[in-house]
Amino acid sequence: MRRPDRLLSLVLSALVLAGCASAPAPRSGGAESVRHTSPIAQSSINAAQALLERGDAAGALVEAELAVKSDSRSAQARVMRGTALEALGRGLEAGEDYKQAIRMSPGSGPVLNAYGAWLCRAGRTDEALKAFSDAVADEAYRQPTQALANAGSCASEAGRDEQAEFNFRAALTLAPQQAQALSGMARLEHRRGDALKARAFLQRREAVAPLTAPELALAIEIETAAGDARAAERYRNQLATLAAEVEASSPPSDTGSSKQ
């Protein structure tokens, strides 16, 4: 089933807003063109993802390396290794994996989205927005709203508020509860000095799931600007509680003392 014409128009407009003169990346059947990853490599990819979620980037890289060795032609394995490398602060090496994944699967939405995120973190905003738009253009991509939200965040970080708002609103048109887009719109409205609109978007975001630490900090700023000291204090307490929970769950640090 093809996506609604509304989404197609959003994609085309996003390309124009991003100022990209070149055509979208070559398409070869979207996700259907992505070579199937071998079961052994997929198992290592899953393990790497689980380790990353637990904060073990070094362990994730070991599993990702196994995935690449098991299936050197898997774009998914390359993306996972790139993700693990980035988590370890090895961004340049990660970029090589993302580029290789793009060469393997040039029309894949998930791969283009991951590549775009890396480009954005590298400060290559125009290229990143192009990659996100191409990701949305893959009709087989199951998470186009993620690419749209990423495009919004990337544009926002570059100070391109008009582009950011366009992409955030495009994501919310498709998924009204898209957390990243709601948070992004709250931040945009706060930056514009409209505390009431910023509060409305953040309240919608809070209804989806508990706020993260950066979102709680934003909420404090918004409520302070709105003149609601009680709400600001409530968010400060939530932030303090979250910080305490994170500290309690962290492994004890090595004191460096030697055993007798």
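All values reported here derive from a predicted model rather than from experimental measurement.

(A) Inspection of the overall build of the protein at higher detail. Secondary structure summary: the protein contains 13 helices and 0 strands in total. Secondary structure elements of the protein, listed N to C terminal, follow the sequence α-α-α-α-α-α-α-α-α-α-α-α-α. For the protein, buried positions account for 43% of its 260 residues. Total accessible area on the protein is roughly 13900 Å²; 53% of this is exposed by carbon and sulfur atoms.

(B) Structural context of the pattern of salt bridges. A full pass over the atoms with the stated rule returns 17 salt bridges. Measuring nitrogen to oxygen at the nearest pair gives 3.0 Å for the salt bridge that ties R81 to E65. One end of the pair, R81, is in helix α4 (residues 75-87); the other, E65, is in helix α3 (residues 57-70), with 16 residues separating them in the sequence. Judged by relative accessible area, E65 falls into the partly exposed class, the value being 28%. Of the charged contacts in the structure, one is a salt bridge between E93 and R90, with a shortest N-O distance of 2.8 Å. On the basis of relative accessible area, R90 is assigned to the partly exposed category, the value being 33%.

(C) Main features of the nonpolar core. If you look at the biggest cluster of nonpolar residues, it comprises 61 residues, and the most contacted ones within it are Y98, Y115 and L202. Sort the elements by how many residues they give to this core and helix α6 (residues 109-121) lands first, with 8 residues. Apart from the residues within four sequence positions on either side, Y115 is in contact with Y98, K99, I102, R124 and A131.

(D) Molecular detail of the environment of T212. Relative to the helices and strands, T212 is located in the loop between α11 (195-208) and α12 (213-226). Separated by 27 residues in sequence, T212 and L239 have C-alpha atoms that sit 8.4 Å apart. Ignoring sequence-local partners within four residues, the contact set of T212 consists of R205 and L242.

(E) Expanded view of the packing of helix α8 (residues 144-157) against helix α9 (residues 161-174). As a packed pair, α8 and α9 sit with axes 7 Å apart at the nearest point and diverge in direction by 160°. Classified by the angle their axes make, α8 and α9 are roughly antiparallel. The crossing of α8 and α9 is left-handed. On α9, the residues that touch T145, L148, A149, A151, G152, S153, A155 and S156 of α8 are Q163, A164, N167, F168, A170, A171 and L174. Tallied by class, residues from the contact of α8 with α9 come to 9 nonpolar, 6 polar and no charged.

(F) Focus on the packing of aromatic side chains. A full pass over the atoms with the stated rule returns 2 aromatic pairs. Between the aromatic rings of Y98 and W118, the centroid separation amounts to 6.3 Å while the plane-to-plane angle is 45°, which identifies the pairing as tilted. Of the two residues, Y98 is situated in helix α5 (residues 91-104) and W118 in helix α6; the sequence distance between them amounts to 20 residues. No difference in accessibility class separates Y98 from W118, as the two residues are buried. An angle of 15° between the planes, with centres 6.1 Å apart, marks the rings of Y115 and W118 as stacked. Here Y115 pairs with W118, and both are found in helix α6, just 3 residues apart, close to one helical turn. Residues Y115 and W118 agree in their burial class; the two are buried. Here a set of aromatic residues connected by ring pairs shows up, and it is made of Y98, Y115 and W118.

(G) Region of interest: α3. End to end, α3 covers 20 Å across 14 residues, agreeing with the expected 20 Å (1.5 Å per residue, within 8%). Listed as buried for α3 are A57, G59, A60, L61, A64, A67 and V68.

(H) Representation of the packing of α4 against α5 within the structure. Closest axis-to-axis distance for the α4/α5 pair is 8 Å, and the angle between their directions is 165°. Compared by their axis directions, α4 and α5 come out roughly antiparallel. Where α4 crosses over α5, the handedness of that crossing is left-handed. Taking contact as the criterion, the partners of A75, R78, V79, R81, G82, T83, L85 and E86 in α4 are, on α5, G91, E93, A94, D97, Y98, Q100, A101 and M104. Partitioned by chemical class, the residues of the contact of α4 with α5 number 7 nonpolar, 4 polar and 5 charged.

(I) Representation of helix α2 (residues 39-53) in the model. Its 15 residues place the ends of α2 21 Å apart at the C-alpha level, agreeing with the 21 Å of an ideal helix rising 1.5 Å per residue. With its phi angle positive at about 85°, G55 sits one or two positions after the end of α2.

Parameters and conventions
- Residues numbered from 1 in each chain as written.
- Predicted model: local features only at pLDDT ≥ 70, side-chain atom pairs only at ≥ 80, totals over all residues.
- Heavy atoms only, no water.
- Helix = DSSP H or I, 4+ residues; strand = E, 2+ residues; numbered from the N terminus.
- Buried < 20%, exposed > 50% of the residue type's maximum accessible area, 1.4 Å probe, protein only.
- Areas by Shrake-Rupley, 256 points an atom, 1.4 Å probe, with all protein chains shown as cover.
- Salt bridge = Lys/Arg side-chain N within 4 Å of Asp/Glu carboxyl O.
- Core = buried A, V, L, I, M, F, W, Y, C linked by side-chain atoms within 4.5 Å.
- Contact = heavy atoms within 4.5 Å.
- Axes fitted to C-alpha atoms, helices over the stretch in contact; angles between N-to-C directions.
- Parallel < 35°, antiparallel > 145°, perpendicular 65-115°, else oblique.
- Left-handed = near helix turned anticlockwise from the far one by under 90°.
- Nonpolar A, V, L, I, M, F, W, Y, C, P; charged D, E, K, R; others polar.
- Phe/Tyr/Trp six-rings, centres within 6.5 Å; stacked < 30°, edge-to-face > 60°.
- Expected span 1.5 Å × (residues − 1).

From the geometry alone we can't say anything about function, so treat these as descriptive.
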